[in-house]
Amino acid sequence: MTQKINVKIFFFLSFLLAFSACTKDEKITVEADNYKGVFIVNEGGFNKSNGSIGLYKPGTNDYFDAYKKANNLPLGDVVQSMSLLNNNYYIVVNNSNKIEVVNQTSFKNTGTINLTSPRYIFKVDANKAYVSHLFSNELSVVDLNSNTVVSKININHWSEHMSVVNKKVFVGTNSNKVMVVDAVNQVLVDSIVIGKGINKILALPNSKLLVFNTGDVDWNSGAVKEKGRLSVVLADSNKIENSIELSSGSYGGSIIYNSKTGKVYYSFGDNKIYEYTENATPVLWLELPSGQSIYGMSLDETNQQIYISDAGDFNAAGKVYVYDLSKKLIKTITAGIVPNGAVFNY
Amino acid sequence: MKGLYIICLLFCQGLILEAQNLNDTLLLKGYDFKWTKSNHPTGTLSISLPFGESQTLSDAIGSQTSLFVKQYSPSNLATVSMRGMGAQHTSMLWNGINLQSCMNGLKDLNLIPLFFIDEASIETGANSSLMGHGTIAGTVQLKNQLENEKRIKLDINRASFNNQSIGFSISGVNKYFKHRTRIVYRSGENDFEFVNYFKRELPIERIQNNQLKQMGLMQEFSWVIKKHSFYFNTWLMQTSRNLPSPTGVVNNSNEYQEDFNYKMYLQHQFKISAKSKLSQKLCYIDEFLNYYNNALLPSHSRSKSAILESEWNTQLNPNLEFTSNANFTHQLAFSDGYRMGVTRNVFTLFQRLDWYNNSRRNKLSFSVRELFYDNRIAPLSPELGLEKKLSKKWMLKSNAALSFRLPTFNDLYWQPGGNGDLKPEKGRKAEVTALYNTRHWEFSVTAFKHVVENWIMWLPTQSAAIWIAQNAKQVKSNGLEFNQTLHKAFFQKHHFRVITRYQFVKTINTETYQNQLVQLGKQLIYTPNHTGVLNLDYRYKSFNVFAESQYIGVRYSQSDQHINSKLDDYLLFNSGVSIRLNTKRHQGTLVFAVKNIFNRTYQVMENRPMPLRNYQLTLKININYDSKNQR
């Protein structure tokens, strides 16, 4: 008898336990009738294959995984960058060793280019683009009609961000130099010593470039060994016209250039954004609330808004804060894992 | 599926209770009520781990317990999570020696072949380890035991994906001396098929770069000289593994890892009197880990530990037992993050009193451990345990303890990011177990609560964009465990055994840093709420059939439990048959097993495919070469 009562109590408790832990899954109900809006590039966690391209519809709360929705496929591991070339988006998926090519309107996949550890793709002329690489001292030359690698250019270093001015491609590297490649003859022609931690190369008016390097930090002590710099390079002569030392240095950072106002905004990856105007001293422009940090920045030239990516703990959905130029927070977007930038498709 | 399986588990328990009413002859020995052994925490649960047909420790724990084994692939890094805590919070003790790495706090289950282990159990006590630290959730206890036998054993295993293993042992004995030599060799391609869902055509591909080669040697001696007994064990393991990439990653760098482990263990026991004994242990562990990647420079690390431990146990009076233990551990490690090498000396004092009342229905234990390391004193670790026999069949156990875990060398010294100012993690826990026990059947239900403060995590910093080890959060874990084992025989010929285990655990972040707020109130990543096993075994004469099922509940790979990071629950079934062929002196067993019998696609970790249906054939030969001593 006692045993039967025990059984009943046990069953009762067990059923309570079995059903109390059930929770309903969240459902995403966002619908997209087109792929206009702001794409968020989410790197994803390294070796987790959870990178994505999200689409945010300004003025709404709509955000969804655009690549997965259009193609019913996950994207890959470490989505480094996305560029619009000839009405196609080229999505560079670094640790999947590929570039996915998607149609600008439908976002449908139209091809895949397989390469070694690509970082950025940059259009050099109507039919040609260069791809930079980790783990390779060569740039890959991609034919944009066939989306195949047609040749390679040795630049003696691993490569990063690029810019093209006057048929010359300026390539940031993992050394302290920017390498200069003749885009017509496709050969390395020069190099420019900038400093360590070359981050971005931006094209300015009047055949100039702005190179942002974040300096160097001692791995053991965390002390800044070399401060970052902003260098204006003359594209015609490959010479540095002006270079200013910045207030700090770090392992990473981000920079944007507003061609309408001529102002530059940069960050060392903490929660501070500095404003720089050519020939002026940089000033602190905006300090985000404590607990937020800046993993990437992108400028919406059309609406004159800055999209600031915050990777958070690198293992949860990151945030993108949208500020206008009066420093007013317009919107906070919950994005994918490790958002590093935005691409605007209006 | 989850609810259905849990109901099935519970339904089976109901059937088992009904089966108790059948008045059949007991052929398999039931459990006796025994007090918790003096070297284990009073009031906690100890579950012996049957090996089944498992070849590795990760398989045995996964298929026989409700613990969650995290593994990237069947032959790669596998760690165990107990009660929702991290892998570093579960110690792995080999003959009482903690095998957790001083560099990262982990021990890879796949580096331990079961052929080298004689007994294994799961302990849930905070002070399960008399020595050292780090046992916040519990321990996996592994033991070697030399028997009085002259025997040659041969285990030959052949399995899918070109996996094979051979184990050979020879043991001997005379009046004062025993010895055993064991050798194991294991290799495999592990190139199982999976659907590549990152490609539009959803092609079926084979896992690349997943080969394994493992060799091991264990030599044991024991001898007795009057009141002194000695045991010596030396163990070498060499493992080479390729490291496969997750689905979606295209990696041409041929990553692989080499592990070399050497252990030497010497134990001396001296029986001072009928009521008092003294034991000493000396252990030396040397481990290498080399990592290779075609695109990067190789990475090398090495750690050495020397351990000296002395324990005195005495019966002060018929009701009172006293144990005193002192342990000195010296640790040394080199790695790419600290090339000059780092060392640590840890000295631990442990005292324990066990009291029994006159009727011996109640047992009360109190222990306290004090630990000194590098001129610092760690938090005091007291533990209180109570065991009470309520009736002939019912027993109540309860235990409460404070514990801690020292930061690992990587946490403290790795450059960049190591943080010398880290505090030890502090744990506190309480558990209560109701145990019902008959000759045929044992059932227990345990409720537990754990809290860990100063949980160490590596987090990105704002100022330098590097990751730094920090005492980042508080975690609370609450849960329930059910365990039952039934042995039953019908008509003296048909033997049944049913094992059911189930765990419900809710492990949530209760305090975090400001930039980790999304984690607040969320279950820890890769921590299922529900886990369980239901294993059936039927034996008729020399014929045996077994069926195992394992349920792992939903997990999330993101710390914010985003729906996109949800990993589906899964239910796996394994089954097999074995036939024993015995002579008067020798035995042979042939086992055929099918794993994942319903061809279930599942992932333990995100984008890490696991094998579909696979097969295993094992031949075990046991030769008794002692002409005087028949089986």
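Keep in mind it's a predicted model, so treat the numbers as computed, not measured.

Asker: Explain the overall build of chain A to me, using residue names and the numbers behind them.
Answerer: Scanning chain A from N- to C-terminus turns up two helices and 30 strands. Counting across all 346 residues of chain A, residues that qualify as buried make up 57%. Summarising the internal contacts of chain A: among those between residues at least 6 apart in sequence, 41% fall at separations of at least 24. Accessible area of chain A: about 14,400 Å², with a carbon and sulfur share of 50%. Charge centroids of chain A, computed over 32 positive and 30 negative side chains, lie 5 Å from each other.

Asker: Can you tell me about the overall build of chain B, naming the residues and giving the values?
Answerer: Tallying secondary structure elements over chain B gives three helices and 34 strands in all. Relative to the 2.2 N^0.38 estimate, which gives 25 Å for 631 residues, the radius of gyration of chain B is 24 Å and therefore close to what a compact globule would have. Dimensions of chain B, computed from the C-alpha atoms along their principal axes, are close to 70 × 60 × 45 Å. In chain B, which comprises 631 residues, the proportion classed as buried is 56%. Sequence separation of 24 or more characterises 63% of the internal contacts of chain B that already satisfy a separation of 6 or more.

Asker: I'd love a proper account of the nonpolar core, names of residues and values included.
Answerer: Residues L57, I61, W94, L109, I112, L142 and W235 of chain B are the most contacted members of the largest nonpolar core, which totals 46 residues. Grouped together as the second largest cluster of nonpolar side chains are 19 residues, F64, Y67, M82 and F107 of chain A included.

Asker: Residue-level account of the packing of aromatic side chains, with values.
Answerer: Scanning all chains against the criterion turns up 43 aromatic pairs over all chains. Seen from their ring centres, Y89 of chain A and F107 of chain A are 6.1 Å apart, and the 55 degrees between their planes marks the pair as tilted. Note that Y89 of chain A is positioned in strand β5 (residues 88-93) and F107 of chain A in the loop between β6 (98-103) and β7 (109-114), a separation of 18 residues in sequence. With respect to class, Y89 of chain A is no different from F107 of chain A; both count as buried. With 4.9 Å between their ring centres and 65 degrees between their planes, F314 of chain A and W467 of chain B make a pair best called edge-to-face. Taken together, the residues span two chains, with F314 of chain A in the loop between β27 (305-310) and β28 (317-324) and W467 of chain B in strand β26 (residues 467-490).

Asker: How would you sum up empty space enclosed by the protein? Please name residues and give values.
Answerer: Residue and element names in this part refer to chain B. Within this structure, the stated rule accounts for eight cavities of 30 Å³ or more. Here the largest cavity is characterised by a volume of approximately 770 Å³. Looking at the lining of the largest cavity, the elements that each hand over two or more residues are α2 (57-64), β2 (68-71), β8 (151-159), β9 (163-173), β29 (543-552), β32 (570-582), β33 (587-595) and β34 (614-624). Residue classes in the lining of the largest cavity are distributed as 17 nonpolar, 21 polar and five charged.

Asker: So what about the environment of R428 of chain B? Which residues, and what values?
Answerer: Residues and elements named next belong to chain B. As for its placement among the helices and strands, R428 is situated in strand β24 (residues 425-437). Classification of R428 by relative accessible area gives partly exposed; the value is 38%. The sequence separation of R428 and F404 amounts to 24 residues, and the corresponding C-alpha distance is 8.3 Å. Discounting residues that sit within four places of it in the chain, R428 has contacts with A401, L402, K449, H450, V451 and E453. A polar contact is formed between the side chain of R428 and the side chain of E453, at a distance of 3.0 Å.

Asker: Outline the sheet that holds strand β24 (residues 272-277) of chain A, supporting the account with residue identities and numerical values.
Answerer: All names here are of chain A. Taken in spatial order, the four strands make up an open sheet running β22-β23-β24-β25, and their pairing is antiparallel. Both outer strands of the open sheet, β22 (254-258) and β25 (283-287), are each paired with one neighbouring strand and no more. The average undirected angle you get between the axes of adjacent strands in this sheet is 25 degrees. Alignment of β24 against β25, held across four bridges, turns out to be antiparallel.

Asker: Break down the pattern of salt bridges for me, citing the residues and quoting the values.
Answerer: Residue and element names in this part refer to chain B. On inspection of all chains with the given rule, the structure shows 27 salt bridges over all chains. In this structure, the salt-bridge partner of E149 is R151, at a minimum N-O distance of 3.1 Å. Here the two residues E149 and R151 agree in accessibility, since each one is buried. What you see here is one network of salt bridges that share partners, running through R83, K429, E431 and E481.

Asker: Residue-level account of the sheet that holds strand β5 (residues 97-98) of chain B, with values.
Answerer: Residue and element names in this part refer to chain B. Judged by pairing direction, the sheet is mixed, and its five strands sit side by side in the order β1-β6-β7-β4-β5 without closing on themselves. A single partner strand is all that each edge strand has here, and the edge strands are β1 (46-48) and β5. When strand β4 (residues 90-94) meets β5, the two strands line up antiparallel, connected through two bridges. In the sheet register, L93 faces β5, and the bridge partner there is N98.

Reading the values: the criteria
Residues numbered from 1 in each chain as written. Chains lettered and ligands numbered in written order. Predicted model: local features only at pLDDT ≥ 70, side-chain atom pairs only at ≥ 80, totals over all residues. Heavy atoms only, no water. Helix = DSSP H or I, 4+ residues; strand = E, 2+ residues; numbered from the N terminus. Buried < 20%, exposed > 50% of the residue type's maximum accessible area, 1.4 Å probe, protein only. Contact = heavy atoms within 4.5 Å. Areas by Shrake-Rupley, 256 points an atom, 1.4 Å probe, with all protein chains shown as cover. Lys, Arg positive; Asp, Glu negative; His and termini not counted. Charge placed at Lys NZ, Arg CZ, Asp CG, Glu CD. Rg over C-alpha atoms; globule rule 2.2 N^0.38 Å. Core = buried A, V, L, I, M, F, W, Y, C linked by side-chain atoms within 4.5 Å. Phe/Tyr/Trp six-rings, centres within 6.5 Å; stacked < 30°, edge-to-face > 60°. 1 Å grid on protein atoms, 1.4 Å probe; cavity = no way out; pocket = protein on both sides within 12 Å on 5 of 7 lines; lining within 4 Å. Points joined across faces, edges and corners; volume = space filled by probe spheres on them. Nonpolar A, V, L, I, M, F, W, Y, C, P; charged D, E, K, R; others polar. Polar contact = N/O pair within 3.5 Å; in protein donor to acceptor, adjacent residues only side chain to side chain. Pairing = 2+ DSSP bridges. Axes fitted to C-alpha atoms, helices over the stretch in contact; angles between N-to-C directions. Salt bridge = Lys/Arg side-chain N within 4 Å of Asp/Glu carboxyl O.

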